[in-house]
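Residues per chain, in single letters:
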Amino acid sequence: VDGGEARRITQIPTGVAAIKWFPDGKRLAFVTPIWTDLVKWEDQEKRRKEREDSKMNAKVWERAPIAYWDHFVDDREPHLFSISVEGGEPTAITRQSGHHLSKRAYSNASYDISPDGLEVAFVSDVDRSGADPNADVIVLESCGCKPARDVTSENGADDGMPLYSPDGKWLAYTAQTIKGFYADRARLLLIDRKSGERRDLSGDWDGSPGELVWQSNSTSLYSTVDDAATNRVYQHALASPGKPRAITTTSSFGNLAISKGSKPIAVALRQSFSEPPTLVRLDLGTGTASVLTRFNDAALATVDLGKVESATYAGAKGDPIQMWVVYPPNFDPTKKYPVF
């Protein structure tokens with residue numbers, strides 16, 4: 001972080017993704033897709049090159065999933081590993097657990113590491129048929145040396161985004177209730193890691209939390225929520241289950257990060273129809289945002305932007321439907337414009 005040349009840590013032929021620090025700062029966790037019938041990394045590299053150089057690229061599937069959105073899914077399994085910041089041989093965490101991260105998609109939100117670094121929680125599809133997907137949260141010791149536990153097996157729909165509280169007491173995650181419906185409301189739940197007790201922070205609230213961030217004193221979670229066609233920042237206080245508090249009201253916010261201490265500082269990327277992603281400091285009490293970066297000011301000064309308004313109309317059964325009205329630059333409401 002003080003500058004200088006980058007230092008290579010891994011020699012993984014299948015590549016690394018979804019990198020996270022262990023809390024002690026001495027190790028990194030990462031995900032890589034591997035062929036589980038091969039033990040040595042050099043064998044992984046050999047097969048990867050054989051596939052890459054082959055003149056025949058037809059694929060055969062014996063079970064789902066076959067594809068995810070715009071790409072085919074191959075026969076590798078995404079597994080979690082750790083490695084020292086000094087390099088060396090990676091430690092397999094999930095490889096012998098009987099579970100792996102989703103073949104469809106995975107990211108940093110697909111797993112988390114406990115504050116003491118001794119346990120990981122990750123999202124895995126526990127369906128063995130290939131025809132009835134069910135994402136559950138699995139916990140496992142980070143050494144990969146003890147049996148894994150499915151802590152959301154009672155829910156037949158998808159669970160996701162596991163996140164340990166800074167004090168290590170809670171494991172937060174999201175849970176849907178309608179099986180197979182990707183747009184179902186996701187509830188925010190907590191598991192007491194000592195007693196196994198569960199707490200529902202969503203209650204009757206109809207929103208779905210997005211990216212989750214704990215406050216350093218473990219009394220609240222913050223998340224981005226798709227609300228009124230913007231990504232708003234919400235606070236989910238453990239003391240007020242079912243009553244999330246909206247912190248922001250306009251523009252969209254993402255990539256939220258919160259500092260430690262009794263008076264935490266939040267930073268986020270803010271954007272709107274007239275503002276490209278801009279780094280801001282966010283007051284978690286008032287929702288006031290202070291701009292920290294002005295990389296795009298000069299470019300924006302040369303662009304005429306049209307006015308944008310949010311409008312609501314009555315839909316089926318009188319339900320309110322929100323939409324955006326985008327006016328062209330220099331729009332004059334007194335003029336008649338051609339309709340196409």
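Preceding this section is the structure that the text describes.
Parameters and conventions
- Going along each chain's sequence as written, the residues are numbered from 1 onward.
- Per-residue local features are limited, in this predicted model, to residues with pLDDT of at least 70; the limit for side-chain atom pairs, both in listing and counting, is 80 or more; totals at the level of whole chains, interfaces and linings are taken over all residues.
- The side-chain figures draw on all heavy atoms in the structure; neither hydrogens nor water molecules are used.
- Here a strand is any run of E in DSSP of at least two residues, a helix any run of H or I of at least four, and the numbering for each starts at the N terminus.
- Here the term buried applies to any residue with accessible area under 20% of the maximum for its type, exposed to any over 50%, and partly exposed to those in between, with areas from a 1.4 Å probe on protein chains only.
- Any two residues having at least one pair of non-hydrogen atoms within 4.5 Å are treated as being in contact.
- Surface accessibility in these figures is a Shrake-Rupley result with a 1.4 Å probe; residues are shielded only by whichever protein chains are displayed.
- A positive count includes Lys and Arg, and a negative count includes Asp and Glu. His and the chain ends are not counted in either.
- To locate a charge, take NZ of a lysine, CZ of an arginine, CG of an aspartate or CD of a glutamate.
- Contacts described as polar in this section are N or O atom pairs within 3.5 Å, which, within protein, must combine one atom able to donate a hydrogen with one able to accept it, while residues neighboring in sequence count only if both atoms come from side chains.
- Cysteine sulfur atoms are paired as a disulfide whenever they fall within 2.5 Å.
- Pairing of aromatic rings covers Phe, Tyr and Trp, the last through its six-membered ring, and needs centres within 6.5 Å; plane angles under 30 degrees mean stacked, over 60 mean edge-to-face, and all others mean tilted.
- In this scheme, Lys NZ or Arg CZ marks a charge over a ring once it lies within 6 Å of the ring centre and within 35 degrees of the ring normal.
- Buriedness for pockets is judged along seven lines, at least five of which must meet protein on both sides within 12 Å for an open set on the 1 Å grid over protein atoms alone, while cavities are sets there where a 1.4 Å probe fits but cannot get out, and lining residues have an atom within 4 Å of a point.
- Grid points are joined across faces, edges and corners, and a volume is the space filled by probe spheres set on the points.
- All residues other than Ala, Val, Leu, Ile, Met, Phe, Trp, Tyr, Cys, Pro, Asp, Glu, Lys and Arg, Gly among them, are scored as polar; the first ten of these are nonpolar and the last four charged.

### Section: the overall build of the protein chain
Per the secondary structure count, the protein chain includes 2 helices and 24 strands. By principal-axis analysis of the C-alpha atoms, the protein chain measures approximately 75 × 55 × 55 Å. By residue count, 39% of the 340 residues in the protein chain fall in the buried class. By sequence separation, contacts in the protein chain at least 24 residues apart represent 41% of the contacts at least 6 residues apart. When the accessible surface of the protein chain is split by element, carbon and sulfur atoms take 52% of a total near 20,300 Å². Taking the average place of the 41 positive charges on the side chains of the protein chain and the average place of its 46 negative ones, the gap between the two points comes to 2 Å.

### Points about the side chain of arginine 270
Secondary-structure assignment places arginine 270 in strand S20 (residues 266-272). Here glutamate 275 takes part through its side chain, which lies 2.9 Å from a polar atom of the side chain of arginine 270. Leave out the neighbours within four places in its chain, and arginine 270 touches Ser251, Ser252, Phe253, Glu275, Pro276, Pro277, Thr278, Val280, Ala289 and Val291.

### Here we look at the state of the cysteines
Tallied over the entire structure, the rule returns 1 disulfide. Note that cysteine 143 is cross-linked by a disulfide to cysteine 145, the S-S spacing being 1.9 Å. Every disulfide takes its handedness from the sign of the S-S torsion; for cysteine 143 and cysteine 145 that torsion is -55°, giving left-handed. With relative accessibility at 36%, the residue cysteine 143 sits in the partly exposed group. On the basis of relative accessibility, which here comes to 54%, the residue cysteine 145 falls in the exposed class.

### What to know about the packing of aromatic side chains
What describes a pair of aromatic rings is the distance from one ring centre to the other and the angle between the planes of the rings. In this structure the tally under the stated criterion is 8 aromatic pairs. For the ring pair phenylalanine 30 and phenylalanine 81, a centre distance of 5.8 Å and an interplane angle of 15° mean the geometry is stacked. Separated by 51 residues along the polypeptide, phenylalanine 30 in strand S2 (residues 27-34) and phenylalanine 81 in strand S5 (residues 77-84) bring together distant segments of the chain. For the pair phenylalanine 30 and phenylalanine 81, a shared accessibility class is recorded, and that class is buried. Ring geometry for tryptophan 61 and phenylalanine 72: centres 5.4 Å apart, planes at 35°, overall tilted. Here the residue tryptophan 61 occupies a position in the loop between helix H1 (41-53) and strand S3 (67-68), and phenylalanine 72 occupies one in strand S4 (residues 71-72), the gap between them amounting to 11 residues. Put simply, the rings of Phe30, Trp41 and Phe81 touch in pairs and so form one group of aromatic residues. A cation sits over an aromatic face here: lysine 307 above tyrosine 327, 5.0 Å from the ring centre.

### Quick notes on the layout of surface pockets
Here the largest pocket defines a volume of roughly 1,200 Å³. Residue lining of the largest pocket: 34 residues in total, with Tyr68, Ala135, Asp158, Gln176 and Tyr182 positioned closest to the centre. Looking at the lining of the largest pocket, the elements that each hand over two or more residues are strand S8 (119-125), strand S11 (159-164), strand S12 (170-175) and strand S15 (209-214). Considered class by class, the residues forming the lining of the largest pocket number 16 nonpolar, 11 polar and 7 charged. As for the second largest pocket, its lining consists of 26 residues, of which Lys20, Asp112, Leu163, Tyr164 and Trp214 are closest to the centre. Looking at the lining of the second largest pocket, the elements with two or more residues in it are strand S1 (17-21), strand S7 (111-113), S11, S15 and strand S19 (252-258). Residues of the lining of the second largest pocket, tallied by class, amount to 17 nonpolar, 5 polar and 4 charged.

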